[in-house]
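Listed below are the residues making up each chain.
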Amino acid sequence: MEKLNFYKGRVCLNCLTNSVDNARAIYEAAQGHVAVGLLSVNYPDVKSAVDDMKKYQTAVDNNISVGLGAGNPGQWKAVAEISGQIKPKHINQTFTAGGYTRAKAGEGPFLNSMVAPCGKPGFVKVSTGPLSKDLEPAIVPVNTAIAMAREQGADSLKYFPMGGLKVREELEAVAKACGETGFGLEPTGGIDLDNFKEILEIVVAAGVEHIIPHVYSSIIDKETGATRIPDVLALYEMIKEVVK
């Protein structure tokens, strides 16, 4: 199975779409260096999601990202079941469901493991599952979280919700740990055209091998629900400026 197409082996965008035409335009604008996001929460059941997502796979050479939907942990099993059937190139998942998802999807897809900022640099919240999210937070050192995610078959930490650069010091610590351990990082939440380049510079400077910045609502046209292609072009230009 072919893998995600990272720009110069380092960066792959992640943007949402609401139609096959929009997905194709996003893919072309980023010259293939993008995983087009489709959210499981938008479908009534696994079968309808599988049937629809197959259309997108054909349109963008399977460069789709199966998502939870605003980090909704209640969708963890749907994501795993969908991914097991269609084998997308990218999967979003809670920290606690990585092993189940990897077993379902096999070795091909790039799988992330969702962790959250906790207010303490060098540490992350790993209790992002449907049951654990409402209990006392499980806060662990970033290096431990990376090791645990890796043990479950994940390829990266999805760092969500960031709120843009509100957690800059924490982001720097997470990026440093990912860079030192050869683990991927997916900054997510509050990223827009104004802060994208700075966030990317922080992660690239930390030496992170595989970076997947998620840029969602800030570049979606509120009237049409489609991701704005000029914005994707702008983001891609910033990637080329940062990654030499």
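Overview of the structure. (Residues numbered from 1 in each chain as written. Predicted model: local features only at pLDDT ≥ 70, side-chain atom pairs only at ≥ 80, totals over all residues. Heavy atoms only, no water.)

**Observations regarding the overall build of the chain**
- In terms of regular secondary structure, the chain is built from 8 helices and 9 strands.
- Relative to a compact globule of 244 residues, whose C-alpha radius of gyration would be 18 Å, the chain shows 16 Å and is just as compact.
- With the principal axes as the frame, the chain shows a C-alpha extent of 40 × 40 × 35 Å.
- Expressed as a percentage of its 244 residues, the buried residues of the chain come to 54%. (Helix = DSSP H or I, 4+ residues; strand = E, 2+ residues; numbered from the N terminus. Rg over C-alpha atoms; globule rule 2.2 N^0.38 Å. Buried < 20%, exposed > 50% of the residue type's maximum accessible area, 1.4 Å probe, protein only.)

**A look at the sheet that holds strand β2 (residues 34–39)**
- Taken in spatial order, the 7 strands of this open sheet run β1-β2-β3-β4-β5-β8-β9, and their pairing is parallel. Among the strands making up the open sheet, the edge pair consists of β1 (13–16) and β9 (184–187).
- When strand β3 (residues 64–67) meets strand β4 (residues 90–91), the two strands line up parallel, connected through 2 bridges. Looking across to β4, one finds that Val 66 is bridged to Ile 91.
- Against the sheet, helix α2 (residues 46–59) contacts β2 and β3, and its axis sits at roughly 155° relative to β3. (Pairing = 2+ DSSP bridges. Contact = heavy atoms within 4.5 Å. Axes fitted to C-alpha atoms, helices over the stretch in contact; angles between N-to-C directions.)

**Regarding the packing of helix α7 (residues 196–205) against helix α8 (residues 229–242)**
- As a packed pair, α7 and α8 sit with axes 10 Å apart at the nearest point and diverge in direction by 35°. Every pair of crossing elements has a handedness; the one defined by α7 and α8 is right-handed. Of the residues in α8, those touching α7 at Phe 196, Lys 197, Leu 200, Glu 201 and Val 204 are Leu 235, Met 238, Ile 239, Glu 241 and Val 242.
- Residue composition of the contact of α7 with α8, grouped by class: 7 nonpolar, no polar and 3 charged. (Left-handed = near helix turned anticlockwise from the far one by under 90°. Nonpolar A, V, L, I, M, F, W, Y, C, P; charged D, E, K, R; others polar.)

**A short note on the side chain of Asn 112**
- Position of Asn 112 among the secondary structure elements: in strand β5 (residues 110–115).
- At a separation of 2.9 Å, a polar atom in the side chain of Asn 112 contacts the main-chain amide nitrogen of Gln 93.
- Setting aside residues up to four positions removed in sequence, Asn 112 forms contacts with His 90, Ile 91, Asn 92, Gln 93, Ala 154, Ser 156, Lys 158, Glu 186 and His 214. (Polar contact = N/O pair within 3.5 Å; in protein donor to acceptor, adjacent residues only side chain to side chain.)

**Brief notes about α2**
- Look at α2: 20 Å from first C-alpha to last across 14 residues, which is about the 20 Å you get at 1.5 Å a residue.
- Ala 49, Val 50, Met 53, Tyr 56, Gln 57 and Ala 59 are the residues of α2 that are buried.
- Close packing links the buried residues of α2 with α1 (20–29), β2, β3 and α3 (76–86).
- Put simply, Asp 45 is the residue that caps the front of α2, since its side-chain oxygen is 3.4 Å from the backbone nitrogen of Lys 47.
- Just beyond α2, the residue with positive phi is Asp 61, at close to 55°. (Expected span 1.5 Å × (residues − 1).)

**Quick notes on the pattern of salt bridges**
- Counted by the stated rule, this structure contains 13 salt bridges.
- Between Asp 61 and Lys 89 there is a salt bridge whose closest N-O contact spans 3.7 Å. Of the two residues, Asp 61 is situated in the loop between α2 and β3 and Lys 89 in the loop between α3 and β4; the sequence distance between them amounts to 28 residues.
- According to the relative accessible area criterion, Lys 89 is buried, its value standing at 5%.
- Beyond isolated ion pairs, a larger network of salt bridges with shared partners links Arg 168, Glu 172 and Glu 198. (Salt bridge = Lys/Arg side-chain N within 4 Å of Asp/Glu carboxyl O.)

**Some details on the side chain of Thr 94**
- Mapping Thr 94 onto the fold places it in the loop between β4 and α4 (98–105).
- For Thr 94, a relative accessible area of 0% translates into the label buried.
- Of the polar contacts made by the side chain of Thr 94, one reaches the backbone nitrogen of Ala 97; its length is 3.3 Å.

**Focus on the packing of α3 against α4**
- Contact geometry for α3 and α4: axes closest at 7 Å, N-to-C directions at 20°. If you check the angle between α3 and α4, you find them roughly parallel. Here the hand of the crossing between α3 and α4 comes out right-handed. The residues of α4 that touch α3, namely those facing Trp 76, Lys 77, Ala 80, Glu 81, Ser 83 and Gly 84, are Tyr 100, Thr 101, Lys 104 and Ala 105.
- Partitioned by chemical class, the residues of the contact of α3 with α4 number 4 nonpolar, 3 polar and 3 charged. (Parallel < 35°, antiparallel > 145°, perpendicular 65-115°, else oblique.)

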